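Each chain, written out:
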Amino acid sequence: MFTAKILLLGSGELGKEFVISSKRYGCHVVACDSYANAPAMQVADEAEVFSMLDADALRQAIEKHRPDFIVPEIEAIRTEVLQEFEDKGFTVVPSARAASLTMNRDRIRELAATELGLRTSKYRYAESLEEVRAGAEHTGLPCVIKPVMSSSGKGQSTVRTADQLEQAWNDAVANMRGDRKKVIVEEFIAFEYEITLLTIRSREGVSFCEPIGHRQERGDYQESWQPTPMTEKLLADAKEMATKVVDNLGGYGIFGVEFFVTRDEVIFSELSPRPHDTGLVTLLSQNLSEFDLHARAVLGLPIPPVRLYGPTASAVILADREAERFEIRGLREALELGSKDADVEVRLFGKPTTRKHRRMGVALASGSTVEEARERARQAADRVQITYEG
Ligand SMILES: Nc1ncnc2c1ncn2[C@@H]1O[C@H](COP(=O)(O)OP(=O)(O)OP(=O)(O)O)[C@@H](O)[C@H]1O
Ligand SMILES: NCC(=O)N[C@@H]1O[C@H](COP(=O)([O-])[O-])[C@@H](O)[C@H]1O
Ligand SMILES: [Mg+2]
């Protein structure tokens, strides 16, 4: 009837592409999120609307559908419930422990820095403004303050002078998820560039995609490109660190392992035990996208060496205000940038409402160099306009 039944927890743009990939392999997907008509629900077989932080609702959904695979798509999930079901014999992707550790910056940081001995930025945790001040003494300024539970840069700020610490603490507390009033104070790394190393852990072992470079604003990704030129030594260091983390977390799937790269060092930042937003570029750049690879690894299918077609970039399409009624125009104009020498694609996620800085779509472009691909992706994204009514 179907290859496997998947319960997808979180149904945004990353989930939507994962659903498309897994449905192509004949899976039946139940997409869950806290609001109706979320992107992945639009392409899934069934949908359930509830908060992933509501333990009872999550239990009910798992009991009702009894999936072969429970696939987290967002960070904020009642991970104790995932553990409960994993203990009963359900498969959580990649593992309940991975979901729980990565949801909490302090837990994954402890694993990486203390247990595995990976190079990270200096850091301290803080649960009050006084502790934030002490943390900043330890790391020095500038420093970066982030809630231990948050994603896409929410509640994150870079502090340059001591008088900004209070504002940063207040912002972090106001924008954190979950119920722990706790932040991480991190040394600011003046990196040359940063990368996501997509790392696949499958039955066949650990393999990698070419490193993805990206540029972030407000802690949220604006553009990404592939490949990123790196020295063999630095790339080997990144691969070694990524392997240590994913082998420790266990399970099968793709992981987006984030690193800061300085002149002579690779510094581990964090990771997602699932497809990564900066990896949207792989929808155009590779013969198998990060979503195809995740689906294959989860289903136990072969993972051949991944083929990168050539320099490719992605640029995000963001809303600039909150609205329920809006239109997206300019798809034709954006796609007109495609030619016999360059592929251009646009993916519109179908989110039902906008809010300031919400990612509504992504433009993808190839080029003869990474610079050219980035320029073209940016141009295509700029041609897509969101117009608001009322
Ligand atoms: N210690 C640091 N030094 C310099 N820049 C930093 C530091 N920490 C974070 N940043 C910048 O902020 C970005 C977002 O940080 P981080 O990945 O920790 O946040 P996030 O909320 O988990 O984002 P996401 O969930 O989208 O990955 C980083 O990619 C980097 O550009
Ligand atoms: N960095 C994590 C990330 O990119 N997550 C992606 O964004 C969606 C939430 O978007 P929304 O906030 O617009 O609903 C998530 O569901 C996931 O696809
Ligand atoms: Mg990140």
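About the thresholds
- Residues numbered from 1 in each chain as written.
- Chains lettered and ligands numbered in written order.
- Predicted model: local features only at pLDDT ≥ 70, side-chain atom pairs only at ≥ 80, totals over all residues.
- Heavy atoms only, no water.
- Near = heavy atom within 4 Å.
- Polar contact = N/O pair within 3.5 Å; in protein donor to acceptor, adjacent residues only side chain to side chain.
- Nonpolar A, V, L, I, M, F, W, Y, C, P; charged D, E, K, R; others polar.
- Pairing = 2+ DSSP bridges.
- Helix = DSSP H or I, 4+ residues; strand = E, 2+ residues; numbered from the N terminus.
- Contact = heavy atoms within 4.5 Å.
- Axes fitted to C-alpha atoms, helices over the stretch in contact; angles between N-to-C directions.
- Areas by Shrake-Rupley, 256 points an atom, 1.4 Å probe, with all protein chains shown as cover.
- Buried < 20%, exposed > 50% of the residue type's maximum accessible area, 1.4 Å probe, protein only.
- UniProt positions renumbered as here; feature names shortened; annotations may be inferred.
- Donors = N, O, S within 2.8 Å, 3.2 Å for Na, K, Ca; no water.
- Core = buried A, V, L, I, M, F, W, Y, C linked by side-chain atoms within 4.5 Å.

S.K.: Honestly, the site of ligand 2 in this entry has me stumped. Any pointers?
M.R.: The environment of ligand 2 is formed by Gly12, Glu13, Leu14, Glu73, Ile74, Ser152, Asp277, Lys351, Arg355, Arg358 and Arg359. In this structure, Asp277 approaches ligand 2 through a side-chain N or O atom, which is 3.0 Å from a nitrogen atom. Arg358 places a polar side-chain atom, nitrogen or oxygen, 2.7 Å from an oxygen atom of ligand 2. Considering only residue class, the shell around ligand 2 consists of 2 nonpolar, 2 polar and 7 charged.

S.K.: How do you make sense of the sheet that holds strand S1 (residues 5-9) when you look at a structure like this?
M.R.: The strands that make up a sheet are held in pairs by hydrogen bonds between backbone atoms, and each pair lies either parallel or antiparallel. Spatially, the 5 strands line up as an open sheet ordered S3-S2-S1-S4-S5, and their pairing is parallel. Both outer strands of the open sheet, strand S3 (46-49) and strand S5 (91-92), are each paired with one neighbouring strand and no more. Of the pairings in the sheet, the one linking strand S2 (residues 28-33) to S3 comprises 4 bridges and is parallel in character. In the strand pairing of S3, Cys32 is matched with Glu48. Sheet strands in contact with helix H1 (residues 13-24) are S1, S2 and strand S4 (69-72), and its direction is about 175° off that of S1.

S.K.: Looking at this structure, how should I read the sheet that holds strand S9 (residues 183-187)?
M.R.: Pairing within the open sheet is antiparallel, and its 4 strands lie in the order S6-S9-S7-S8. Both edges of this open sheet fall to strand S6 (123-126) and strand S8 (157-159), since each of them pairs with a single strand only. Sheet twist, expressed as the average angle between the axes of neighbouring strands with direction ignored, equals 25°. Relative to S9, strand S7 (residues 143-147) runs antiparallel, the two being bridged by 5 bridges. Residue Pro147 lies in a different strand from S9, and its bridge partner there is Val183.

S.K.: Would you mind going over the site of ligand 1 with me for this structure?
M.R.: In the neighbourhood of ligand 1, 19 residues make up the surrounding shell, with Lys146, Gly153, Glu186, Glu194 and Glu270 lying closest. At 2.7 Å, a side-chain N or O of Glu270 approaches an oxygen atom of ligand 1. Protein chains shield 93% of the accessible area of ligand 1, which is 610 Å² for the free molecule. Sorting the residues of the shell around ligand 1 by element identifies S7, S9 and strand S14 (253-261) as the ones contributing at least two each. Partitioning the shell around ligand 1 into residue classes produces 5 nonpolar, 6 polar and 8 charged.

S.K.: Mind showing me how you'd approach the environment of Val245 here?
M.R.: Checked against the element boundaries, Val245 lands in helix H8 (residues 232-249). For Val245, a relative accessible area of 0% translates into the label buried. Through-space distance from the C-alpha of Val245 to that of Ala112 is 6.9 Å; in sequence the pair is 133 residues apart. Sequence-distant contacts of Val245, that is, excluding residues within four places in its chain, are made with Ile108, Leu116, Leu118, Phe268 and Leu271.

S.K.: Could you clarify how one ought to interpret the UniProt feature "domain: ATP-grasp" (unreviewed entry) in the protein in this entry?
M.R.: The UniProt entry lists residues 110-299 under the feature "domain: ATP-grasp" (unreviewed entry), expressed in the numbering used here. End-to-end, the C-alpha atoms of residues 110-299 are 30 Å apart, and along that stretch the chain is 32% helix and 32% strand.

S.K.: Any chance you could explain the UniProt feature "binding site: N(1)-(5-phospho-beta-D-ribosyl)glycinamide" (unreviewed entry) in the protein here in plain terms?
M.R.: Sites flagged by UniProt as "binding site: N(1)-(5-phospho-beta-D-ribosyl)glycinamide" (unreviewed entry) map to Glu13, Leu14, Glu73, Asp277, Lys351, Arg358 and Arg359. Counting through the fold element by element, Glu73 comes out in the loop between S4 and helix H3 (79-87). In this structure Glu73 comes out as buried when scored by relative accessible area, which is 11%. Leaving out residues up to four positions away in the same chain, Glu73 has contacts with Leu8, Leu9, Gly10, Ser11, Gly12, Glu13, Leu14, Gly15 and Arg274. As for its position among the elements, Lys351 is in the loop between strand S18 (344-348) and strand S19 (359-366). Excluding its chain neighbours within four sequence positions, the residues that come into contact with Lys351 are Glu13, Tyr35, Pro39, Phe326, Arg358, Arg359 and Met360.

S.K.: I'm lost on the coordination of the magnesium ion (ligand 3) in this one. Help?
M.R.: When a metal holds four donors in a tetrahedron, each ideal angle between them is 109.5 degrees; when it holds six in an octahedron, the ideal angles are 90 or 180 degrees. Coordination of the magnesium ion (ligand 3) by the protein comes from Glu258 (OE), Glu258 (OE) and Glu270 (OE), over a distance range of 2.0 to 2.5 Å. Of this pair, Glu258 sits in strand S14 while Glu270 sits in strand S15 (residues 266-272), and the two are 12 residues apart along the sequence.

S.K.: It is not clear to me how the nonpolar core should be interpreted in this structure. Could you clarify?
M.R.: Ranked by size, the top nonpolar core spans 25 residues in total, and within it Ile6, Leu8, Phe18, Val29, Phe69, Val71 and Leu280 carry the most contacts. Those elements that place two or more of their residues in this core are S1, H1, S2, S4 and helix H10 (290-299). The leading source of residues in this core is H10, at 4 residues. Residues within four places of Leu280 in sequence aside, it is in contact with Leu14, Tyr221, Glu290, Phe291, Phe349, Val362 and Leu364. Within the second largest apolar cluster, 24 residues are counted, among which are Ala98, Ile195, Ala242 and Val261.

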